Amino acid sequence: MNPYILAILLFGLGLGTTITFASSHWLLAWMGLEMNTLAIIPLMAQHHHPRAVEATTKYFLTQAAAAATLLFASVTNAWLTGQWEIQQITHPLPSTMITLALALKIGLAPLHAWLPEVLQGLDLTTGLILSTWQKLAPFALILQLQPSNSTLLIILGLTSTLIGGWGGLNQTQLRKILAYSSIAHLGWMILILQFSPSITLLTLLTYLIMTFSTFLVFKLNKSTNINTLATSWAKAPALTALTPLILLSLGGLPPLTGFMPKWLILQELTKQGLTPTATLAALSALLSLYFYLRLSYAMTLTISPNNLTGLTPWRLPSTQLTYPLATSTAMTICLLPLTPAISALLIS
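Residues numbered from 1 in each chain as written. Predicted model: local features only at pLDDT ≥ 70, side-chain atom pairs only at ≥ 80, totals over all residues. Heavy atoms only, no water.

All right, on to the packing of helix α14 (residues 259-271) against helix α17 (residues 339-347) then. At their nearest, the axes of α14 and α17 sit 11 Å apart, and the two run at 65° to each other. Here the hand of the crossing between α14 and α17 comes out right-handed. Facing Met-260, Trp-263 and Leu-264 of α14, the residues of α17 in contact are Thr-339, Ile-342 and Ser-343. For the contact of α14 with α17, the residue count by class is 4 nonpolar, 2 polar and no charged. (Axes fitted to C-alpha atoms, helices over the stretch in contact; angles between N-to-C directions. Helix = DSSP H or I, 4+ residues; strand = E, 2+ residues; numbered from the N terminus. Left-handed = near helix turned anticlockwise from the far one by under 90°. Contact = heavy atoms within 4.5 Å. Nonpolar A, V, L, I, M, F, W, Y, C, P; charged D, E, K, R; others polar.)

Below, the discussion takes up the packing of helix α9 (residues 174-192) against helix α10 (residues 197-221). For the pair α9 and α10, interaxial distance at closest approach is 9 Å and the crossing angle is 170°. With respect to α10, the element α9 is oriented roughly antiparallel. Contacts from Leu-174, Leu-178, Ser-182, His-185, Met-189 and Ile-192 of α9 reach α10 at Ile-199, Thr-200, Thr-203, Leu-204, Tyr-207, Met-210, Thr-214, Phe-215 and Phe-218. Here the residues of the contact of α9 with α10 sort into 10 nonpolar, 5 polar and no charged. (Parallel < 35°, antiparallel > 145°, perpendicular 65-115°, else oblique.)

So, about the domain arrangement of the chain. Per the domain assignment, the segments making up the chain are domain 1 (1-107) and domain 2 (149-306 + 321-347). Computed from C-alpha atoms alone, the centre-to-centre distance between domain 1 and domain 2 is 26 Å. Contacts between the two partners involve 7 residues from domain 1, matched on the other side by 6 residues from domain 2. Taking both partners together, domain 1 and domain 2 bury about 510 Å²; carbon and sulfur atoms supply 70% of that area. Considering only the side of domain 1, the residues that lose the most area to domain 2 are Thr-99, Ile-106 and Gly-107, jointly responsible for 60% of the buried surface there. Scanning the region where domain 1 abuts domain 2 turns up 0 residue pairs in polar contact (both at pLDDT 80 or more). (Domains from an automatic or database assignment. Buried area = accessible area lost by both parts, 1.4 Å probe. Polar contact = N/O pair within 3.5 Å; in protein donor to acceptor, adjacent residues only side chain to side chain.)

In this section: the nonpolar core. Membership of the largest hydrophobic core comes to 46 residues, with the highest contact counts inside it found for Ile-40, Tyr-59, Val-118, Leu-130, Phe-218 and Leu-295. Both of domain 1 (1-107) and domain 2 (149-306 + 321-347) provide at least three residues apiece to this core. Among all residues touching Leu-295, those that are not within four sequence positions of it are Leu-174, Ile-177, Phe-218, Ile-226, Leu-229 and Leu-247. (Core = buried A, V, L, I, M, F, W, Y, C linked by side-chain atoms within 4.5 Å. Buried < 20%, exposed > 50% of the residue type's maximum accessible area, 1.4 Å probe, protein only.)

This next bit is on helix α3 (residues 50-81). Given 3.6 residues per turn, any residue in an α-helix points the same way as the ones three and four places further on. Helix length check: α3 (32 residues) gives 46 Å between terminal C-alpha atoms against 46 Å at 1.5 Å per residue, within 8%. In the stretch just after α3, Gly-82 is the one whose phi turns positive, near 75°. (Expected span 1.5 Å × (residues − 1).)

Before going further, it helps to spend a moment on a nonpolar patch on the surface. Residues Met-1, Ile-5, Leu-6 and Leu-10 make up a contiguous nonpolar surface patch of about 330 Å² in total accessible area. Looking at the element boundaries, Leu-10 is found in helix α1 (residues 3-22). (Patch = residues over 30% accessible without salt bridge, like charges linked within 9 Å, V, L, I, M, F, W, Y side chains within 5 Å. Areas by Shrake-Rupley, 256 points an atom, 1.4 Å probe, with all protein chains shown as cover. Salt bridge = Lys/Arg side-chain N within 4 Å of Asp/Glu carboxyl O.)

Before going further, it helps to examine the pattern of salt bridges. Using the criterion set out here, one finds 3 salt bridges in the structure. When the shortest N-O distance is used, the salt bridge between Glu-54 and Lys-58 registers 2.8 Å. Taken as a pair, Glu-54 and Lys-58 lie in helix α3 at a separation of 4 residues, close to a single helical turn. Using a relative accessible area of 29% as the deciding quantity, one classes Lys-58 as partly exposed. With a shortest N-O distance of 3.7 Å, Glu-117 and Lys-58 are connected by a salt bridge. Highlighted residues: Glu-117 in helix α5 (residues 114-120) and Lys-58 in helix α3, separated in sequence by 59 residues. With a relative accessible area of 35%, Glu-117 lands in the partly exposed category.

On to the environment of Asn-221, then. With respect to the secondary-structure elements, Asn-221 resides in helix α10. Exposure remark for Asn-221: the relative accessible area of 1% places this residue in the buried category.

Right, let's talk about the packing of aromatic side chains for a bit. Taken as a whole and judged by the stated rule, the model has 3 aromatic pairs. Ring centres 4.9 Å apart and planes at 55° place the aromatic pair Phe-291 and Tyr-292 in the tilted group. Lys-262 extends its terminal NZ or CZ atom over the ring of Trp-188, reaching a point 5.2 Å from the ring centre. (Phe/Tyr/Trp six-rings, centres within 6.5 Å; stacked < 30°, edge-to-face > 60°. Lys NZ or Arg CZ within 6 Å of the ring centre and 35° of its normal.)

In structure tokens form, the structure reads like this:
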């Protein structure tokens, strides 16, 4: 892609998200979301491949449906209450419609079916943008809406954690596994949203760091399914040794960074008297942990059949930029001891 066009599209992505962040009026927020969608579509379809075009079409249709529902709900709210302010959603009908529209935009279960299919059709770089940056604008709106629909948010959160764990069990394609991982993590965030927005932000931050690391590892190894992971030790032995730690951090095992948000969420849910919800969420984390363990096993404990020439790539200098990966990997593995400091920063 022409670098000037790429720069304009990335600028459009950034601008769309910033407009939604800064807006207090529903029309402006809707406009930011639309800019975001339109800026990522050429990035998704840049490889002229039937699968990429199919993924782009599916993404466009779901996002357009979500945006239309959002616009309809905000107009309905203005008609019922005379208010266009984002934080003035008082009527239950537009409030529920907006929550569901934003859930469709970020891919919360049961409105998740488009996400694995779309992610599977994209290359890893665009997939990374879709799994991280594209979640920020709708999430900012959900955060501003929050205390209105408590039962709906808990149902969406629990369904997402369960489907995110269940759906990834039978997958062999890494991008689909990462899509289900994304659904499960978003479920955890939505679950705690109304009780502690600061913990939601902490969970979002750790999710972004861990997903960034995972996508970069797969990109460095040029891996798109479980079978190709087995050859990664010949390309980058040191990184292959560290990758299980990144994957288990995504799964939420102590003493890795990913344990921190899950620990705080379960603690907060128990404080709020929602012990059954906390138990279900913790059990759903076991489902996710199974497929992360499966990836770790395939990557480090199996050796693929190899010839002599296949053993040499690690001797060659890598042409890919590894500083971002090194930084995000260190953060993915080592941030748990800083939990009190991070919590104090976010809560204050």
